[in-house]
Structures are given as C-alpha cells and as structure tokens.
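Descriptive structure summary
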Amino acid sequence: MVKKVTLFYSLLTVAVVALAGIWANELFLEPEKQTFLVGETSHGHHQIELACGTCHQSPFGGGEVLQDACMGCHAKELKAAHDSHPKSKFTDPRNADRLEQIDARYCVACHREHQPDITRDMGVTLATDFCVACHLDIAEDRPSHEGMGFDTCASAGCHNFHDNRALYEDFLLQHVDEPDMAATPVIAAMQAYVNAQQPAPKQAPAPDYPEASFQVTEIEKQWLHSAHATEDSNCSACHGEGEQFKAQPDALVCVDCHQPQAAGFLIGKHGMRLAVKREAAESYPLNPSLKALMQPDARLLTPMTPAQGRLPFKADVHGESLTCNSCHGAHEYSLGTSASVDACMGCHDDGHTNQYKASPHYAQVLREAAGEVPAGSGVTCATCHMPKVESEEEPGVFHTLHNQNDNLRPNEKMVRSVCLDCHGLQFALDSLADPALIDNNFQGRSKVSIESIQMAIERVKE
Ligand code: HEC
Ligand code: HEC
Ligand code: HEC
Ligand code: HEC
Ligand code: HEC
Ligand code: HEC
Ligand code: HEC
Ligand code: HEC
Ligand code: HEC
Ligand code: HEC
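All of these numbers come straight from a predicted model, not from anything done at the bench.

The rules we used
Counting restarts for each chain, with residues numbered from 1 along the sequence as it is written. Each chain is given a letter, starting from A, and each ligand a number, starting from 1, according to the order in which they appear as written. Owing to the predicted nature of the model, reporting of local features is limited to residues with pLDDT of at least 70; listing and counting of side-chain atom pairs is limited to 80 or more, with chain, interface and lining totals taken over all residues. Calculated side-chain values reflect all of the structure's heavy atoms, with hydrogen atoms and water omitted. Helix and strand assignments follow DSSP, with helices taken as H or I runs no shorter than four residues and strands as E runs no shorter than two, numbered in order from the N terminus. Only protein chains enter the accessibility calculation, which uses a 1.4 Å probe; a residue whose area is less than 20% of its type maximum is buried, one above 50% is exposed, and one in between is partly exposed. Contacts are residue-level and defined by heavy atoms, with any inter-residue pair within 4.5 Å sufficient. Every accessible area reported is derived by Shrake-Rupley at a probe size of 1.4 Å, with residue values counting cover from the shown protein chains alone. With water omitted from the atoms examined, metal sites may look incomplete; donors here are N, O and S atoms no farther than 2.8 Å from the metal, or 3.2 Å in the case of Na, K and Ca. Here a site with four donors is tetrahedral if all angles are between 85 and 135 degrees, and a site with four or six donors is square planar or octahedral if opposite donors are over 155 degrees apart and the other angles are between 65 and 115; anything else gets the irregular label. Here, the term nonpolar core denotes a set of buried Ala, Val, Leu, Ile, Met, Phe, Trp, Tyr and Cys residues that are joined through side-chain atoms within 4.5 Å. Two rings from Phe, Tyr or Trp (for Trp, the six-membered ring) form a pair when their centres sit within 6.5 Å of each other. Planes less than 30 degrees apart are called stacked, planes more than 60 degrees apart edge-to-face, and all others tilted. The rule for a charge over a ring is simple: NZ of Lys or CZ of Arg within 6 Å of the ring centre, and within 35 degrees of the ring normal. The predictor attaches a confidence to each residue, called pLDDT, with possible values from 0 through 100. A single heavy atom is enough: if one lies within 4 Å of a molecule or strand, its residue is considered near that molecule or strand. Polar contact is the term for a pair of N or O atoms within 3.5 Å; when the atoms are in protein, one must be able to donate a hydrogen and the other to accept it, and sequence-neighboring residues count only if both atoms are side-chain atoms. Polar here means any residue other than Ala, Val, Leu, Ile, Met, Phe, Trp, Tyr, Cys and Pro, which are nonpolar, and Asp, Glu, Lys and Arg, which are charged; Gly is therefore polar. Residue ranges assigned to each domain were obtained from an automatic or database domain assignment. In this analysis the probe radius is 1.4 Å and the grid spacing 1 Å, with only protein atoms considered; a cavity is a set of points the probe fits into but cannot get out of, a pocket is an open set with protein on both sides within 12 Å along at least five of seven lines, and lining residues have an atom within 4 Å of a point. Grid points are joined across faces, edges and corners, and a volume is the space filled by probe spheres set on the points. Basic side-chain nitrogens of Lys or Arg form a salt bridge, by our definition, when they fall within 4 Å of a carboxyl oxygen of Asp or Glu. One less than the residue count of a helix, multiplied by 1.5 Å, gives the span that helix is expected to have.

It is worth spelling out the overall build of the chain at this point. Regarding its fold elements, the chain presents 21 helices and two strands. Counting over 462 residues, the chain shows a buried share of 35%. Summarising the internal contacts of the chain: among those between residues at least 6 apart in sequence, 58% fall at separations of at least 24. Total accessible area on the chain stands at roughly 26,900 Å², and carbon and sulfur atoms take up 56% of it.

Next up, the structure:
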C-alpha cells in the first residue's frame, strides 16, 4: 500500500509540474485542452475531468480518499437502487474469502479512471465475466444456470451488479402473464401533474427593469404571459435591481426558486459541470502560480456545451451553453412539447433522437394534443428521460425529474419508472434488450426474448 501511495504521489507531482509549465495557460484559460491528463476519463466523468480535486481530494489519497469522493456523489443513488453488492456485504467476515480476487469493498476495484483501453460501458474496468470470481458455484445452487457463460450474467434483462429493482424474483413473479399493452396506457403521475396545473388568474405587476436604451417590447409581452409575471419573479429577480441590471443573468439564477428541478439538473449530464466547486481544484496540490490564474469569484467550470460532448449534436448549437434556458427559453419559460421534445431535438443528433417523430409514441403525443386520448398518454423524450416524481417533502405534489441520467443506465431502470405504466414487464424487458429498437426509438417489436420471468416461475415450481 505504501508503495502504491508513493507511486501515486510521484505521478501526481509529475502531472503537476508538467501542468505548471507549458500548459499553465491552457488549464484555466482554455480548460478544454486535455493534453496533461494522465489518460482520458470515462463517459460518465469526462465533463469534470479537469476538476481533478473532485476525486483526488488529497494528494495522498488512494483507496479510502477516492472512496469518499465516489460516495459523496453516488451514495444516494446506490442506496435508492437497493445496491445488491454494498460495501457492508464485503466487510462481513463470512465473505472475506471472496475478496481475494476482487476487493469489492472499493469502487476502484471495478471502476478505475484514465484507462480508456480497458473501460467498458458505465465506467467498468473489469472483464465481462468477473462475476465468476465470487459466484463460481452458481450452477450447483441453481440448475437452471448450468452451462451459462459468466459473461452473460449481467447481460440485458438478467442481472445488474448494483441495481436489480426490476429484476429480482419476487418482482418478476408479480408481473407474470401481463399483456403487452395496459388497458389504460396512461402515466398516473403525469396525469396527476397535468391535473394540478391551474394557472391562477393574476394581476401582473408593472415590469421593474430600469429605463434603458434597449427595446424590450417583445420580452415584456412574453414575460406578461408567463408564470413569472408576478411581483416576486419580476425582471429584477433574475436580472438584478436598478443599476445592477445585468442583461445576461448568471447560469444558476433559477436555482433558489426551483430547488427540486435544479437538484436534478446539477447531478446529471446537463448540469454537472455547474455543480463543481472551486474548492475542488484548490484542494488538489496545484502549483501556486496556477492558483493565481484563477479569478477569486470565477466559477471553476463553465456550463456544458454540445461542442464538448461525446455524443452527436446538431452543428448550429455547438457553441451554446447548456442551462435551464436551453429547454425553457427566456422569457416564455414554456413547458409542454416545447421543453420535452423540440428543445431536445434541437441539440441531440443521433439516430435514436432523429427517429423519434416516426415512432408510435410520438403518434400518441399527437393524439393527446388533439384530445383523442387522456392527458398523460403521450410519450415524449421527457416521459422516458425526465419522468414525473412525487416530492418527498410535499406528498401529492409531482415535479419533473431533471436528471436525464437517473434512469438511463443500466436501462432496466426505465422499466419501473416509465414503461410499466403502459406495458407489461415481459414486453418492456424484451424491448429494452434489443439495441435495434433503441436505435429506431421503439418502432416495431423486439427480436429478443428475455427468459428471466420464465426462470423465476420454474424456480418456484422446483
Ligand atoms: C472522476 C474522478 C477522477 C477525476 C476527475 C480525476 N481522476 Fe485521476 N484517478 C481517478 C481514479 C479512480 C484513479 C485510479 C486509482 C486506482 O486505480 O487505484 C485515478 C488515478 C490517477 C493517477 C494515478 C495513475 C495510475 O495509473 O494509478 C493520477 C496521476 C491521476 N489520477 C491524476 C489525475 C489528474 C491530474 C486529474 C485532473 C486533470 C485527475 N486525475 C482527475 C479518478 C479521477
Ligand atoms: C463530483 C461528483 C462525482 C464524483 C466525485 C464521482 N462521480 Fe461518478 N458520476 C458523477 C456524475 C454527475 C455522473 C454522470 C451522471 C450519471 O451517470 O449519473 C457520474 C457517472 C458515473 C458512472 C457512469 C454511469 C454511466 O451511466 O455511464 C460511474 C460508474 C461512476 N460515476 C462511478 C464513480 C466512481 C467509482 C467514483 C470515484 C472514483 C466517482 N464516480 C466519482 C459524479 C461524480
Ligand atoms: C465488483 C465490481 C464493482 C464494484 C466494487 C463497484 N461497481 Fe459500480 N458497477 C459495476 C458494474 C459491473 C456496473 C455496470 C452496471 C451493472 O451491472 O449494474 C456498475 C455500474 C455503476 C454505476 C452506473 C449504473 C448504476 O447502476 O447506477 C455507478 C454510478 C456505479 N457503478 C458506482 C459505483 C460506486 C460509487 C462504487 C463504490 C461504492 C461501485 N460502483 C463499486 C461494478 C462494480
Ligand atoms: C467480490 C465478490 C462478488 C462479485 C465479483 C459478484 N458478487 Fe454477486 N454476490 C456476492 C455476495 C457476497 C452476495 C451475497 C451472498 C450470496 O448471495 O452469495 C452476492 C449476491 C448476488 C445476488 C443476489 C442478490 C441479492 O440481492 O441478494 C446476485 C443476483 C448476484 N450476486 C449477481 C452478481 C453478478 C451478476 C455479478 C457480476 C456482474 C456478481 N454478482 C459479482 C459477491 C459477489
Ligand atoms: C426568470 C428569470 C428572468 C426574468 C423574470 C426576466 N428575465 Fe430577461 N433574461 C433572462 C435570461 C436567463 C436571459 C438570457 C437569455 C439567453 O441567453 O438566451 C435574459 C435576457 C434578457 C435580455 C437580453 C436579451 C438579449 O437578446 O440579449 C433583456 C434585455 C432582458 N432579459 C430583459 C428582461 C426584462 C425587461 C424582464 C422583465 C419584463 C426580464 N428580462 C425578465 C431571465 C429572466
Ligand atoms: C424569484 C423566484 C424565481 C426565479 C428566480 C425563477 N423563477 Fe421560475 N417560477 C417562479 C414561480 C413563482 C413560478 C410559478 C409557480 C411554479 O410553477 O413554481 C415559476 C414558474 C416557472 C416555470 C413553469 C412555467 C409554467 O408555465 O408553469 C418554469 C419553466 C420556470 N419557472 C423556469 C425558470 C427558469 C429557467 C429560471 C431561471 C432563468 C427561473 N424560473 C427563475 C419563480 C422564480
Ligand atoms: C443545449 C443542448 C441540449 C439540449 C436542449 C438537450 N440536451 Fe441532452 N445533452 C446535451 C449535452 C451537451 C449532453 C452531454 C453529452 C456528453 O457529456 O457527452 C447531453 C446529455 C444527455 C443525456 C445523457 C447521455 C449519456 O450518454 O449519458 C440524455 C439522456 C439527454 N441529454 C437527453 C436529453 C433530453 C431528453 C432533452 C430534452 C428534454 C435534452 N437532452 C436536451 C445537450 C442538450
Ligand atoms: C433538458 C431540458 C430541460 C432543462 C435543461 C431544464 N428543464 Fe425544466 N423542464 C423540462 C421539462 C421537459 C419539463 C416538464 C414539461 C411538462 O411536463 O410539460 C420541465 C419542467 C419544469 C418546471 C415546472 C415544474 C415541474 O417540475 O414540472 C420548472 C419550474 C422547471 N422545469 C425549471 C427548470 C430549471 C430551474 C432548470 C435549470 C436548473 C430547468 N428547468 C432545466 C425540461 C428541462
Ligand atoms: C420510450 C422511451 C424513450 C423515448 C421516448 C426516448 N428515449 Fe432516449 N433512450 C431511451 C433508452 C431506453 C435509451 C438507452 C439507454 C441505454 O441502453 O444505454 C435512450 C438513450 C438516449 C440517449 C443516450 C444515447 C447514448 O448513446 O448515450 C439520448 C441522448 C437520448 N436517449 C435522447 C432522447 C431524445 C432527445 C428523445 C426524444 C427525441 C428520446 N431520447 C426519446 C428511451 C427513450
Ligand atoms: C404513456 C404510455 C406509454 C409508456 C410510458 C411507454 N409506452 Fe410504449 N407504447 C405506448 C403506446 C400507446 C404505443 C402504441 C401502440 C400502438 O400504436 O398500437 C406504444 C408502442 C411501443 C412499442 C412498439 C410496439 C409495436 O408493436 O410497434 C414499443 C417497442 C414500446 N412501446 C416500448 C416501450 C418501452 C421500452 C417503454 C419504456 C421505456 C415504453 N414503451 C413506454 C405507450 C407507452
């Protein structure tokens, strides 16, 4: 361990010395340059890779320090997922023998960083058959598993390492023989949310912007027709009062008034850069001359832009900052398909996105808009990627989950939060297991059939 720490520290020193020299300017003035990284970071973290201190909270930090960093950001979601392999399972002396090959008490045993050559989906840096290290005897306990390769355990619709909320036996058995399509394909939470929208009749106050040379007629009109036309969310709430009026409000100006939305936004791929604190860089052993480059009140990382992304994006938006306004344009701040379809399609440019408008789900959105089917029957991008969730503080109140990554991977997470409102479990698992259906945004039927439910039924008979 001592040797590892020393090596780690010397490598860090090398990195820092290198940084301080030629690349000093690039680091903070052009943070996109990645030349000095020890190796490209994973899909999940590439946006914050230059904020070394978010993970390396101390220069001497090996296992435990990194572990604290990982848990600082991920503990809540793993807990919510009823993590099937939490650390507590491995600190149990009865399982000590299992740790000889993989020390699963530590995240970095399976999720290393800066190792692009060995990094698979979801930042996993182990071979696909690693379950064998601890479950070699599975076929003895479960004859149904005889002859299965260990590289198939965690394939679609079977098991996940952490999140098995849609895959454990009792759950599978509760959903036996469900029809492909529910009798009333409506998302209950969505319906509750829509029903709760009652624009209260209001007397809009006079807008309180300072007299200035700019033309605001159009802005004023939009604001007057928006939910913000109140004394509390007057122009000054976002722009500052009188002399302080700033034409470009801060990217985080919305946060205080819309906390549930901001909380989600800041922990997903759209807003994660804005959540990085300056201290994260300062705690890392930076050369003092580098620190001097950092302005006292400058936020460490600027908002994400499509140009910095690893996914395909429409060419004309590459330079745009991703903020709340990307989906809720100033000053209309509208909801509906403008936020839940048009905004998304204005940026994303992959096959899945571009096929969406040809899908049966979009046809349902059009029927909903025409009043042919009840509110909550349409399936927009946001229905799947930003479902409605009930507030913990105020039961009965639903808001939109603003973290697009919350149910994204492994994709079985989407089964419970979304598909099951309208489809049977077998249909949903099969659909999500067929990559071709994801590519064409769910046009047609799955070519794959997942056996998990059948296996659970047979297990009960045994
Ligand atoms: C998202 C978290 C994260 C960020 C951000 C991050 N690292 Fe790392 N880094 C890791 C992990 C995890 C390891 C692997 C530790 C292990 O294998 O025990 C690592 C390993 C290293 C190592 C040791 C190399 C090795 O092969 O063991 C160095 C040096 C390093 N990082 C430097 C940096 C620098 C410099 C930055 C910023 C430019 C940075 N890291 C940003 C998570 C991160
Ligand atoms: C500053 C907060 C932060 C720290 C520290 C951090 N992560 Fe993350 N991590 C994120 C965010 C944000 C994402 C992207 C959104 C998502 O996938 O949930 C992410 C993504 C991931 C993913 C990929 C998920 C996917 O779908 O591709 C894995 C795995 C992961 N983190 C593990 C770790 C491990 C292990 C550590 C410690 C070495 C760590 N994280 C440290 C915030 C953090
Ligand atoms: C023994 C290996 C192993 C260890 C240890 C491990 N993971 Fe994972 N992790 C995986 C695998 C495999 C996946 C891929 C998805 C799956 O099978 O659940 C994954 C996926 C993830 C994801 C993204 C998807 C999800 O399920 O939410 C996150 C975030 C994550 N791990 C964080 C962590 C953190 C934080 C730790 C440490 C507390 C950790 N992991 C420890 C193997 C591991
Ligand atoms: C480092 C050892 C280790 C590794 C690697 C490991 N497991 Fe486990 N797993 C355990 C232990 C310990 C338990 C709890 C005791 C038991 O059921 O054997 C467990 C339990 C389970 C369970 C029962 C779940 C529950 O909630 O009770 C499943 C399913 C499972 N593992 C699947 C997997 C899969 C799939 C992989 C590979 C992606 C894997 N495990 C990798 C140690 C491990
Ligand atoms: C809820 C917050 C909010 C409120 C309330 C608000 N604005 Fe804005 N305003 C913004 C944001 C955010 C931008 C930046 C928009 C962008 O970059 O797309 C902006 C931009 C502007 C601009 C610059 C436009 C341009 O094209 O450069 C003007 C002028 C302006 N607002 C005037 C007003 C006036 C006048 C009011 C009151 C009638 C008002 N705003 C109310 C958030 C707000
Ligand atoms: C001073 C508080 C305040 C600020 C700052 C603020 N809002 Fe609002 N916002 C409100 C209130 C109050 C409502 C109406 C009630 C509600 O929906 O929460 C509202 C409603 C909304 C709605 C729903 C619109 C509708 O038609 O129902 C959106 C979207 C929105 N705000 C986005 C933003 C964005 C984006 C920003 C930052 C540019 C922002 N807000 C800044 C107070 C604020
Ligand atoms: C201003 C452009 C923009 C808009 C608008 C936008 N996105 Fe994104 N989206 C991005 C960027 C940039 C990323 C991060 C890509 C990366 O880190 O490589 C991203 C990431 C994502 C991810 C995570 C992808 C992954 O692999 O982890 C999902 C899912 C997503 N967006 C869905 C949506 C949906 C749904 C909407 C509409 C409700 C939307 N986006 C609107 C630019 C945008
Ligand atoms: C990727 C697009 C996207 C981004 C970015 C985004 N929103 Fe939203 N927002 C939505 C969608 C979609 C809805 C739900 C629309 C509907 O159901 O009609 C929504 C709904 C809302 C609502 C209405 C209440 C609710 O929870 O449904 C508010 C308020 C809001 N957003 C504020 C914000 C704030 C503040 C930010 C920045 C922290 C933000 N949004 C960023 C897409 C986005
Ligand atoms: C019926 C549900 C559903 C609808 C509707 C939907 N998606 Fe997806 N989306 C998924 C699933 C499932 C995945 C794949 C997750 C996985 O397996 O990695 C995905 C993946 C993505 C990704 C990540 C791609 C990547 O390579 O990382 C983005 C970005 C995305 N969707 C955007 C959108 C946009 C934009 C729309 C609307 C035009 C949309 N989605 C409509 C379910 C949906
Ligand atoms: C709000 C209800 C709703 C939700 C949620 C929903 N769907 Fe659908 N889905 C429908 C409707 C309605 C159709 C169209 C049926 C028709 O036209 O016959 C459909 C069609 C489909 C089809 C095409 C079937 C065919 O025969 O062409 C697939 C595949 C599909 N959905 C998968 C999914 C998956 C996977 C999810 C979850 C990620 C999901 N759906 C979420 C309502 C929903």
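Anyway, onward from the coordinates.
The next point concerns the coordination of the iron atom of ligand 5. With distances of 1.9 Å, the protein atoms coordinating the iron atom of ligand 5 are His-239 (NE2) and His-331 (NE2). Viewed at the metal, the six donor atoms of the iron atom of ligand 5 are separated by angles of 87 to 178 degrees, and the geometry they form is octahedral. Pair noted here: His-239 is in helix 10 (residues 235-239) and His-331 is in the loop between helix 13 (288-293) and helix 14 (336-347), with a separation of 92 residues, a long-range link. In this structure, His-239 and His-331 share a single accessibility class: buried.

Let's shift gears to the nonpolar core. In terms of nonpolar packing, the biggest core is built from 16 residues, with Leu-172, Val-415, Leu-425, Leu-429 and Leu-432 touching the most fellow members. At the level of elements, helix 7 (169-174), helix 19 (425-432) and helix 21 (452-461) are the ones that each hand at least two residues to this core. When residues of this core are assigned to their parent elements, the largest contribution, four residues, is made by helix 19. Not counting the four nearest positions on each side in its chain, Val-415 is found in contact with Ala-166, Leu-420, Leu-425, Ala-428, Leu-429 and Leu-432.

This part takes up the packing of aromatic side chains. For the coordinates displayed, the defined rule picks out three aromatic pairs. Aromatic pair Tyr-168 and Phe-171: ring centres 5.9 Å apart, planes at 45 degrees, arrangement tilted. Of the residues examined, Phe-171 reaches a relative accessible area of 5% and is grouped as buried. One residue, Lys-388, lies across the ring of Tyr-193, its end atom 3.9 Å from the ring centre.

In the predicted model, the chain carries a mean pLDDT of 86, and 85% of its residues have values of at least 70. Predicted confidence is poor over residues 287-298, with pLDDT under 50, and the contacts of this stretch with residues over four places away or in other chains come to 19 contacts.

Moving on, we get to the site of ligand 2. Around ligand 2, the structure places 15 residues, and the nearest of them are His-45, Cys-70, Cys-73, His-74 and Arg-409. Here His-45 contributes a side-chain N or O atom positioned 2.8 Å from a nitrogen atom of ligand 2. For the shell around ligand 2, the element with the most residues is helix 3 (residues 63-80), which contributes four residues. Here the shell around ligand 2 is built from residues that sort into eight nonpolar, six polar and one charged. Here the shell around ligand 2 spans two domains, and each of domain 1 (1-119 + 270-300) and domain 2 (188-268 + 304-422) adds at least three residues to it.

This part covers the environment of Gly-240. Within the fold, Gly-240 resides in the loop between helix 10 and helix 11 (259-267). Judged by its relative accessible area of 23%, Gly-240 falls in the partly exposed class. Each C-alpha atom, one on Gly-240 and one on Tyr-209, is 8.8 Å from the other, the two residues being 31 residues apart in sequence. Contact partners of Gly-240, with chain neighbours within four places excluded, come to Cys-235 and Phe-245.

Of the voids in this model, the second largest pocket is the one considered here, and its volume is about 700 Å³. Along the walls of the second largest pocket sit 34 residues, with His-239, Ala-247, Gln-248, Pro-249 and His-331 positioned nearest its centre. Mapped onto the lining of the second largest pocket, the elements with two or more residues apiece are helix 9 (217-224) and helix 10. Among the residues forming the lining of the second largest pocket, the class breakdown is 20 nonpolar, ten polar and four charged.

Let us look at the coordination of the iron atom of ligand 7. In the first shell of the iron atom of ligand 7, the protein supplies His-270 (NE2) and His-348 (NE2), at 2.0 to 2.1 Å from the metal. Metal-centred angles of 86 to 180 degrees between the six donor atoms at the iron atom of ligand 7 mark the site as octahedral. Residue His-270 is found in the loop between helix 11 and helix 12 (279-282), and its partner His-348 is found in the loop between helix 14 and helix 15 (351-355); the two are separated by 78 residues along the sequence.

Our next topic: unusual backbone geometry. Following Ala-330, the chain continues into His-331 via a peptide bond in cis, with omega recorded as 5 degrees. The phi dihedral of His-114 is positive, around 60 degrees, even though this residue is not glycine. Mapped onto the elements of the fold, His-114 is located in the loop between helix 4 (87-91) and helix 5 (132-135). Of note, the phi angle at Asp-177 is positive, near 55 degrees, even though the residue is not glycine. Relative to the helices and strands, Asp-177 resides in the loop between helix 7 and helix 8 (188-196).

What follows deals with helix 19. Most of helix 19 sits out of view: seven of its eight residues are buried. Among the residues making up helix 19, those that are buried are Leu-425, Phe-427, Ala-428, Leu-429, Asp-430, Ser-431 and Leu-432. In this fold, the buried residues of helix 19 make contact with helix 7, helix 18 (413-417), helix 20 (435-439) and helix 21.

One pass over the structure, following the stated rule, counts nine salt bridges. We note a salt bridge from Arg-142 to Glu-169, for which the minimum N-O separation is 2.7 Å. With Arg-142 in the loop between helix 6 (138-141) and helix 7 and Glu-169 in helix 7, this residue pair connects regions lying 27 residues apart in the sequence. You can call Arg-142 partly exposed: its relative accessible area is 23%. A relative accessible area of 31% places Glu-169 in the partly exposed class.

Compared with the 16 Å implied by 1.5 Å per residue over twelve residues, the 17 Å span of helix 14 between its first and last C-alpha is a close match. For helix 14, the set of buried residues is Ala-339, Ser-340, Val-341, Ala-343, Cys-344 and Met-345. Those residues of helix 14 that are buried lie in contact with helix 15 and helix 17 (381-385).

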